[in-house]
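This is what each chain is made of:
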Amino acid sequence: MHTPGRLLVVPAVLLTLAACANGTDDLLPGYYEEQAGGGGLGGDGGAGGEDLSVSSSSSSSVSVGSTGAGGVEGEGESNEGGGGDGGGGGAVVECDYAAPNTCTGAEDLGEISGDDGGDSVTLTERGTTSKWFKVYVVDKFNVPGSEVFKATLTSPPGMNFDLIVYPGELEVDAPDCFASGVRGQGTPESFTTTWNDRAGPDDHLWFAIEVRHVEGTACGSEATWTLTVKGY
């Protein structure tokens, strides 16, 4: 059973982060609040129109369409007859971007080699919501050199998902969900780090990866991001 470490303590000679670190409080999983609305019951009047008015922010997970206006009153049968009731509101459309898991339940992407001269394997994942992953970068050759890890996240047009990486600790056989996250930089967002490959102990390292929805209201395939991770 893996036991997460509580602190990220990696000597500078072992680990050099290529992106600037942000505070843990700023990079904790966002709070997602669902909003909802509804229209009145329709009578004999025309149906209400659909108004896809979507709300989204860096901490929200759901974009919600508002209800449409009621229909026009119908005419009465005679001078004494009253008009019909207004039509019902339009349908509500929702896009949920909440993560289906947490750091402790992160989806395992498996192992990749971080060694200079090792197998250059690239793993690819896709999704439409926030999500957590973990990957194990393995030191396969115990010779002096370097270990490398790189993650890249590409957001679809009109959408913004953030890449946040939480490095583990050397000689700790589990991701560190309490580490300070490092936000990816550039477009597409990218994170790269290197550390020394010592001749003695293995220099394996776990990384937790968070894909976080920031803004954008597309749904389904139009909201699909692509995450790639690779070693050297």
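All values derive from a computational prediction rather than experimental measurement.

**A few points about the side chain of Asp203**
Mapped onto the fold, Asp203 is located in the loop between β10 (189-197) and β11 (205-215). Asp203 gets classed as buried once you look at its relative accessible area, which sits at 0%. Among all residues touching Asp203, those that are not within four sequence positions of it are Val137, Asp139, Glu147, Leu170, Trp195, Asn196, Asp197 and Arg198.

**What about the pattern of salt bridges?**
Applying the stated criterion across every chain yields a total of 3 salt bridges. Residue Asp162 pairs with Arg183 through a salt bridge whose shortest N-O separation is 2.4 Å. Within this pair, whereas Asp162 is found in strand β8 (residues 160-167), its partner Arg183 is found in strand β9 (residues 182-183), the two being separated by 21 residues in sequence. The class for Arg183 is buried, based on a relative accessible area of 16%.

**As for the packing of aromatic side chains**
Per the stated rule, a full pass over the model turns up 8 aromatic pairs. Ring geometry for Phe191 against Phe207: centres 6.4 Å apart, planes inclined by 65°, an arrangement best described as edge-to-face. Here the residue Phe191 occupies a position in strand β10, and Phe207 occupies one in strand β11, the gap between them amounting to 16 residues. Overall, the relative accessible area of 0% leaves Phe191 in the buried class. Grouping aromatic residues by their ring pairs yields a cluster made of Phe149, Phe191, Trp195 and Phe207.

**Notes on the sheet that holds β9**
Pairing is mixed in the open sheet, where 5 strands are placed in the order β4-β6-β11-β8-β9. Edge strands, defined here as strands with exactly one partner in the open sheet, are β4 (107-113) and β9. By the bridge criterion, 8 bridges tie β8 to β11 in an arrangement that is antiparallel. Bridge pairing in β11 links Tyr166 to Ala208.

**So, the pairing of β11**
Burial analysis of β11 places 10 of its 11 residues in the buried class, which makes it a mostly covered element. Direction of pairing for strand β6 (residues 131-138) relative to β11: antiparallel, over a ladder of 7 bridges. For Val135, the partnering residue across the bridge sits in β11 and is Phe207.

**Things to note about the state of the cysteines**
A full pass over the atoms with the stated rule returns 2 disulfides. Each sulfur of the disulfide joining Cys95 and Cys219 lies 1.4 Å from the other. Residue Cys95 is found in strand β3 (residues 94-96), and its partner Cys219 is found in the loop between β11 and β12 (225-230); the two are separated by 124 residues along the sequence. For Cys219, a relative accessible area of 35% translates into the label partly exposed. Between Cys103 and Cys177 runs a disulfide, and the two sulfur atoms are separated by 2.0 Å. Residues Cys103 and Cys177 are joined by a disulfide whose S-S torsion is about -85°; by sign, that bridge is left-handed. Taken together, the positions of Cys103 in the loop between β3 and β4 and Cys177 in the loop between β8 and β9 put the pair 74 residues apart, joining distant regions of the chain. Sequence-ordered numbering of the bonded cysteines in the chain yields a pairing of 1-4, 2-3.

**So, the confidence of the model for the chain**
Per-residue confidence for the chain gives a mean pLDDT of 71; residues scoring 70 or more make up 58%. Looking over the chain, one finds the lowest element-wise mean pLDDT in strand β1 (residues 16-17), namely 36, and the highest in β8, namely 98. In this model, residues 1-60 is a region of pLDDT below 50 whose contacts with residues beyond four sequence positions or in other chains number 145 contacts. Counting interchain partners and residues more than four positions distant, the pLDDT-below-50 stretch residues 64-79 has 43 contacts.

**Focus on the nonpolar core**
Ranked by internal contacts, the top residues of the largest apolar core, which has 27 residues, are Val135, Phe149, Leu163, Phe207, Ile209, Leu227 and Val229. Listing elements by their share of this core, those giving two or more residues are β4, β6, β7 (145-154), β8, β10, β11 and β12. Top element by residues in this core is β11. It accounts for 4 residues. Those residues in contact with Ile209 that lie beyond four places of it in its chain are Lys131, Trp132, Phe133, Val135, Phe149, Leu163, Ile164, Leu227 and Val229. Counting residues in each nonpolar core, the second largest holds 8 residues, with Ile164, Tyr166, Ala179 and Ala208 among its members.

Cut-offs used in this document
- Residues numbered from 1 in each chain as written.
- Predicted model: local features only at pLDDT ≥ 70, side-chain atom pairs only at ≥ 80, totals over all residues.
- Heavy atoms only, no water.
- Helix = DSSP H or I, 4+ residues; strand = E, 2+ residues; numbered from the N terminus.
- Buried < 20%, exposed > 50% of the residue type's maximum accessible area, 1.4 Å probe, protein only.
- Contact = heavy atoms within 4.5 Å.
- Salt bridge = Lys/Arg side-chain N within 4 Å of Asp/Glu carboxyl O.
- Phe/Tyr/Trp six-rings, centres within 6.5 Å; stacked < 30°, edge-to-face > 60°.
- Pairing = 2+ DSSP bridges.
- Disulfide = S-S within 2.5 Å.
- pLDDT = per-residue confidence, 0-100.
- Core = buried A, V, L, I, M, F, W, Y, C linked by side-chain atoms within 4.5 Å.

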